[in-house]
Every structure is written in structure tokens, then in C-alpha cells.
Amino acid sequence: MTTVALKDVTKVFPDGTVAVDNVSLDVNDGEFMVLLGPSGCGKSTVLRMVAGLEDPTTGAILLDGELANDLPPRDRRIAMVFQDFALYPHMTVGENIGFPLRLSGVDQQPRGERVADVASALGIGDVLARKPSQLSGGQRQRVAMGRAIVRRPGLFLMDEPLSNLDSGLRAELRAEISGLVRELGVSTIYVTHDQAEALTMADRVAIMRKGVLQDVGTPTQVYGRPATLYVAAFLGSPRMNLLEASVYVHLDRYVALNLGEQALYLPWDDIRARAVAHYHGERIVVGMRAEALTPVAPGTPGDVLQGRIRYLEHHGHESLAFLDIGATAILVDDLGGPVTDGEETGGTSRLRRFGHVMQRLTGRSGGGEAPRTEPTTGQGNRTSVLSDPGRHHRRPAELAVRLAPYPAVSAGHPLAISVRMDALHFFDERGDRIDVGWR
Ligand SMILES: Nc1ncnc2c1ncn2[C@@H]1O[C@H](COP(=O)(O)OP(=O)(O)OP(=O)(O)O)[C@@H](O)[C@H]1O
């Protein structure tokens, strides 16, 4: 049993790379904490500092409340699991699992008993005599887990342990690992860039970008109430629609969110209207996930946006329509690759493809260029996301809306969309959530 606390931890590598920027994070006893973020955001560096494999440049790392900055790795009661499994090819499965016990001088008989127990808990009791090369990917990962568990550590550190496996096996092992770790009650820090893994496995998720911690909370909290524009854009598939809105207050009547050619209205007696009213005359970002948008019959009254379908994407179980609604989208960079396991929907990757197509057609880079923005959030470098004309971070919005699998509409069709006003998210021009005093 171990608690971990990072206090204002910064890591600057000798070449000047700031890999981790003033991160503070607590991992409670027995908690499954997932560090989530795109490649290069500093997740592994955090893990390596907790393991004692890197020293923080500044700040403190506490294990069970004790300062551990100078504690050698072997004294930290930590077991690590890596994506490449790091098994010894010349040893059998049993010898691989028992290796840490042999190193710490445990006799052969008790060692054999503990290896057998762990192997049977992991469902690999029948392959103890095999070499790693004679195992499937999933079995190898179980052996790596077994070797971590057998020492009865106080803390598991797992760095993308499933990323070398195919998506079916990943989903299976996801459930297996989180179940096993919870059964053992061992505190765990699990690093991944895969949001599906993070949201399904974690007790709490810590989301990082460019070394800066963006948000920490339960999967429901970070998805339902993202602290920053970055987190809003990072989590979810399709990605959240993020629209620029100018705010106009009609005192005692309503607050208008002007989205370009159309507007949405928050009635004055709605508590959220008061919070948003502070931004009268300014621009904010309004976020709406696809689940907040429902196609309705033309002419339906209420909170409805009119659009025209630019194109459709068919995903088997559903179709996504991307609508032109005469609004401006705010794009967030640094979101990493596909949204979920091998699936590529909406967002940056699609925009990149569009950019390449534009380039081929016009011989120059068009409006579909990969979007770039300055860091918008966190404690680091703060820049407005709305008023930096030198950057391509705004473009005509294509509102992502879910439709049934085989919709009776096609590109060019008009579509009316009802908006669930209580599911809107609001962000200020620096990319921070506007607290609207509810939920
Ligand atoms: N030894 C090093 N020297 C200089 N820079 C480094 C070193 N190790 C990592 N970095 C840089 O620090 C940043 C964070 O790296 P880190 O490996 O922690 O990211 P990550 O989020 O785990 O990424 P990935 O998922 O690709 O492993 C990156 O910009 C990386 O290039």
C-alpha cells in the first residue's frame, strides 16, 4: 500500500526540454490513476521520476508521505510494466515470473509456490515451462504482469502496457488488468495516450499536455465537465464541437450566444445566463458534444440550429453528419492521433487529410492546413485562443451530429438540429472553463 504525491514537480532535460512543468498530483492508497495525453506530453517522464529512474529538476516526490527524491529505485517497493514486456527470452515463463524473487534471495520452494499462485491467477499456469517466444502477445503481457505482481509491490507503474497488442486483445486485457489490480488493492499509475483505455480503467484520470497538467478527476468528471478547452477537445469521439460565440446580454430577457449566422439564447432566469453575461461584448467558446445534438423536423421551435450537410461518415453502428451552420470552429492543436482504437473520426486527422486534398487541387496549402494554436491552458504559457490572427486556429465549423446507421439524407441536404442547452460547455478566451455554477 502506497500513496504518491508530486508537489510542483518540474523536469528540464540537459538540452533544455521542459518535459514536465510544475505538476502537482496525488495518488491515493489503492487508487488506479491513469496519466493520459498525446505522445511527448511528459507522461513517461512523470512515471520515471516516481520510479526513481529520473530526478526531478525541482519539486518533491513523496511516497507514503515521505520525501523520496533521493530514495534509490530498489527501495521504493515499485513494480514497473512496460509496453515491450521486457521478458528474458532465454528464461521460461516460470523463471521470468520468479526472477525478482530470485534476485531478492527467496528460496526455490517458496519461490515456486508464489510463481504458481500468480500464474494461476493470471490464467497462464499451463505455460510455465515455455519460453516467451512460444507465447501469444496476450500471454506475454500476462507474464510481464505476473513478474510485477509476484514481488507484492506497494505501487504499480505501467507504461503503455497494452499498446503492442491488437485492439480486441487490448480491450480484454484492459478489463483483466484493472480487475486484478483492484483485487490486489495496489496503487497504480498507468500511462496511456488512448482515451478509451483511460476512461474505462481509471479511478481518476490526469490529463497532460506539453508537460502541463490540464485536469484531474474521475472519468465522468473530466468527460462531463472538462476543466479546459484542451481536455474538452481531447476526450470524446467524435470530438466536441467547439464554436466561437459572441455574447450579447439583453438585460432581464436573455443572453444571446451569436454563432455567426445563427444564435442560441439562454433565458435570463437560467443560472448559466448570469455567468455567461460577464462576457457581454466578448467572444467565448461554446462546446457541444454530438450527444447534445438531435436532428429534428424542419420548423421545430426552440433551441434549434439550421445547417446543411457537407459530408457524411459511416461508422457501421452510426453515421456522422458534418454540418455547415455558418459558424466558426476553434481548433485545438496537439490532440495526438486517432480518437479511439484504430478509429479515425473528425478532428485534426480529418482536417489534415482535407488540407492535403486542398493542396493537390490548388497547388498551395488551403484552409484545411493542420491547425496550430498556442498553448491555451494550464499554468504555463497563456495565450488567447480567440485573438491571435497569425495562427490558423479558426475555420468554418463543421458541426458533428450523430445519425442512425443508414440515414435517408446525403451531402447537401438541409438539417435542423435541436440543441440540449443544459449540455453546453463554455470556455473563456484563454481556454479555461467558465464556471456556470451548476453540475
Ligand atoms: N532524455 C531526454 N532528453 C531530452 N528530452 C527528453 C528526454 N526524454 C524525454 N524527452 C522529451 O521530453 C518530452 C516528454 O517525453 P515523455 O517520454 O515523458 O513523453 P510521453 O508523453 O511519455 O510520450 P510517449 O507517449 O511518446 O512516450 C518529449 O518532448 C521528449 O522528447
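In case you missed it, the structure is sitting above this.
Values in this document were obtained by computation on a predicted structure and should not be read as measured data.

(A) Here's a closer look at helix α2 (residues 93-103). By the burial criterion, the buried members of α2 are V93, G94, N96, I97, G98 and L101. Where α2 is buried, its residues contact α3 (108-121) and α4 (137-149).

(B) Quick look at the sheet that holds strand β4 (residues 58-63). Here we have four strands laid out as an open sheet, ordered β2-β1-β4-β5, and antiparallel in their pairing. The outermost strands of the open sheet, each flanked by one partner alone, are β2 (18-27) and β5 (66-67). Bridge count between strand β1 (residues 4-12) and β2: six bridges; the pairing is antiparallel. Following the sheet pairing, V9 is matched in β2 by V23.

(C) Focus on the environment of T220. Here T220 lies in helix α7 (residues 219-224). Classification of T220 as exposed rests on a count of 9 C-beta atoms within 10 Å. Along the backbone, T220 and T57 are 163 residues apart, and their C-alpha atoms lie at a distance of 33 Å.

(D) Fine view of the site of the ligand. By nearness alone, 13 residues border the ligand, and F13, A19, S39, S44 and T45 come closest of all. For the shell around the ligand, the element with the highest residue contribution is helix α1 (residues 43-51), accounting for three residues. Here the shell around the ligand is built from residues that sort into three nonpolar, eight polar and two charged.

(E) Expanded view of the environment of W268. Tracing the chain through its elements places W268 in the loop between β13 (263-267) and α9 (271-277). With 15 C-beta atoms packed within 10 Å, W268 lands in the partly exposed category. Once residues lying within four places of it in the same chain are set aside, the contact partners of W268 are D252, R253, Y254 and A273.

(F) Up close: the environment of D203. With respect to the secondary-structure elements, D203 resides in the loop between α6 (195-201) and β9 (204-209). Beyond its immediate stretch of four places on either side in the chain, D203 contacts E31, F32, M33 and T218.

(G) Representation of the pairing of strand β16 (residues 304-314) in the model. Bridge analysis of β16 against strand β19 (residues 414-419) gives five bridges, and the strand direction is antiparallel. Note on β19: the bridge partner recorded for G307 is L415. Counting the residues between successive antiparallel strands, the hairpin from β16 to strand β17 (residues 319-330) contains four residues, one of them, G316, with a positive phi of roughly 80°.

Analysis parameters
Residues numbered from 1 in each chain as written. Predicted model: local features only at pLDDT ≥ 70, side-chain atom pairs only at ≥ 80, totals over all residues. Buried ≥ 20, exposed ≤ 12 C-beta atoms within 10 Å, placed from the backbone. Helix = DSSP H or I, 4+ residues; strand = E, 2+ residues; numbered from the N terminus. Contact = placed C-beta atoms within 7 Å. Pairing = 2+ DSSP bridges. Near = placed C-beta within 6 Å. Nonpolar A, V, L, I, M, F, W, Y, C, P; charged D, E, K, R; others polar.

Limitation: the analysis is restricted to geometry and does not speak to function.
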